[in-house]
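The chain contents come next:
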Amino acid sequence: GADKAKLIYKNKTFLENLLDEFKNYPIIISNNNPDMDIEGYKIVRDKYENIGPISGILEILKEAETENVFIVGVDMQFMNREAAEFLSTYVSCENRIITFEDEGKLNPLGAIYPKSITPVLEDRINNQQYKLMDLLYDEDAKRVPLNYSKFNTIILSNINYPSQYKRLTGDN
């Protein structure tokens, strides 16, 4: 697949849109494109390649200076600061992953991960357990029902297929 960070939406790249949205927060970018270098931002590369987002999340958590880290996919163009701040109100000393639940479905991105889960991620990678959904269930993620918030399901949507990108940009 193409590097989604470079896709254009609202006259900016997907990445630029998220950097603008979360500009007042410490940002760590996980991207394996060797040409990706953005001044003023820390970029981490996957130590383990081709195993999905679990590797990028692991590298971000290793670099993070805060105990809890909001992780968003670059293709989640409707996720916003307000939703991240709302999720952060559920942070507690339990150190659990905190995620939105929408109609019974958990969302591994657009979620808060505690830095303390790093060894669990390393262990799962070593055991070839790469699925984030399994991680959410196995680690008893704290579920925040989206329907009890003011946010719409669209904040959780992401772009996986060219047809979805065309709908997003109104290019049909």
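The rules behind these values
Residues numbered from 1 in each chain as written. Predicted model: local features only at pLDDT ≥ 70, side-chain atom pairs only at ≥ 80, totals over all residues. Heavy atoms only, no water. Helix = DSSP H or I, 4+ residues; strand = E, 2+ residues; numbered from the N terminus. Buried < 20%, exposed > 50% of the residue type's maximum accessible area, 1.4 Å probe, protein only. Polar contact = N/O pair within 3.5 Å; in protein donor to acceptor, adjacent residues only side chain to side chain. Core = buried A, V, L, I, M, F, W, Y, C linked by side-chain atoms within 4.5 Å. Contact = heavy atoms within 4.5 Å. Pairing = 2+ DSSP bridges. Arc of directions from axis to C-beta. Phe/Tyr/Trp six-rings, centres within 6.5 Å; stacked < 30°, edge-to-face > 60°.

Colleague: For this particular structure, what's the right way to read the side chain of serine 149?
Modeller: In this fold, serine 149 is placed in the loop between β9 (142-145) and α6 (162-169). With a relative accessible area of 14%, serine 149 lands in the buried category. In this structure the side chain of serine 149 is engaged in a polar contact, spanning 2.7 Å, whose partner is the backbone oxygen of leucine 146. One polar contact links the side chain of serine 149 to the main-chain amide nitrogen of phenylalanine 151, over a distance of 3.1 Å.

Colleague: It is not clear to me how the nonpolar core should be interpreted in this structure. Could you clarify?
Modeller: Most often, soluble globular proteins have nonpolar side chains that are buried together. Ranked by internal contacts, the top residues of the largest apolar core, which has 44 residues, are Ile57, Phe100, Tyr113, Leu121 and Ile155. With five residues, helix α2 (residues 53-63) is the single largest residue contributor to this core. Those residues in contact with leucine 121, other than ones at most four positions away along the chain, are Ile54, Ile57, Leu58, Leu61 and Leu135.

Colleague: So what exactly am I meant to see when it comes to the environment of asparagine 147 here?
Modeller: Secondary-structure assignment places asparagine 147 in the loop between β9 and α6. Each C-alpha atom, one on asparagine 147 and one on leucine 106, is 13 Å from the other, the two residues being 41 residues apart in sequence.

Colleague: For this particular structure, what's the right way to read the pairing of strand β5 (residues 68-71)?
Modeller: Side-chain direction in a regular strand flips from residue to residue, so the side chains alternate between the two faces of the sheet. Burial of the side chains of β5 is restricted to one face: Val69 and Ile71 are buried, whereas none of Asn68 and Phe70 on the reverse face is. The pairing of β5 with strand β8 (residues 111-114) spans four bridges and is classified as antiparallel. By the bridge assignment, phenylalanine 70 is partnered in β8 with isoleucine 112.

Colleague: In this structure, what is going on with the pairing of β9? I would like to understand it.
Modeller: Of the two faces of β9, the one lined by Lys142 and Val144 is fully buried and the one lined by Arg143 and Pro145 carries no buried residue. Judged from the four bridges that link them, strand β6 (residues 98-102) and β9 form a sheet pairing that is parallel. Residue pairing in the sheet places threonine 99 in a bridge with arginine 143 of β9.

Colleague: Would you mind going over helix α4 (residues 118-126) with me for this structure?
Modeller: Three- or four-residue spacings in an α-helix give side chains the same orientation, since the helix completes a turn every 3.6 residues. Inspection of α4 places Thr118, Leu121, Arg124 and Ile125 among the buried residues, and these make up the whole buried set. The buried residues of α4 all sit within an arc of 125° when viewed along its axis, so they share a single face. Exposed and facing more than 90 degrees away from the buried side of α4 are Pro119 and Asn126. Buried-residue contacts for α4 involve α2, β8 and α5 (132-138). Two residues or fewer after α4 comes glutamine 128, characterised by a positive phi angle close to 55°.

Colleague: Sorry if this is basic, but what is going on with the packing of aromatic side chains here?
Modeller: This structure, assessed with the given rule, holds seven aromatic pairs. Taking 6.1 Å as the distance between ring centres and 70° as the angle between the ring planes, the aromatic pair formed by tyrosine 9 and phenylalanine 78 counts as edge-to-face. Of this pair, tyrosine 9 sits in strand β1 (residues 8-9) while phenylalanine 78 sits in the loop between β5 and α3 (81-88); the two residues are 69 residues apart in sequence, bridging distant segments of the chain. Under the relative-accessibility criterion, phenylalanine 78 is labelled partly exposed at 26%. Here the aromatic cluster, defined as three or more aromatic residues joined through ring pairs, consists of Phe86, Tyr90, Phe100 and Phe151.

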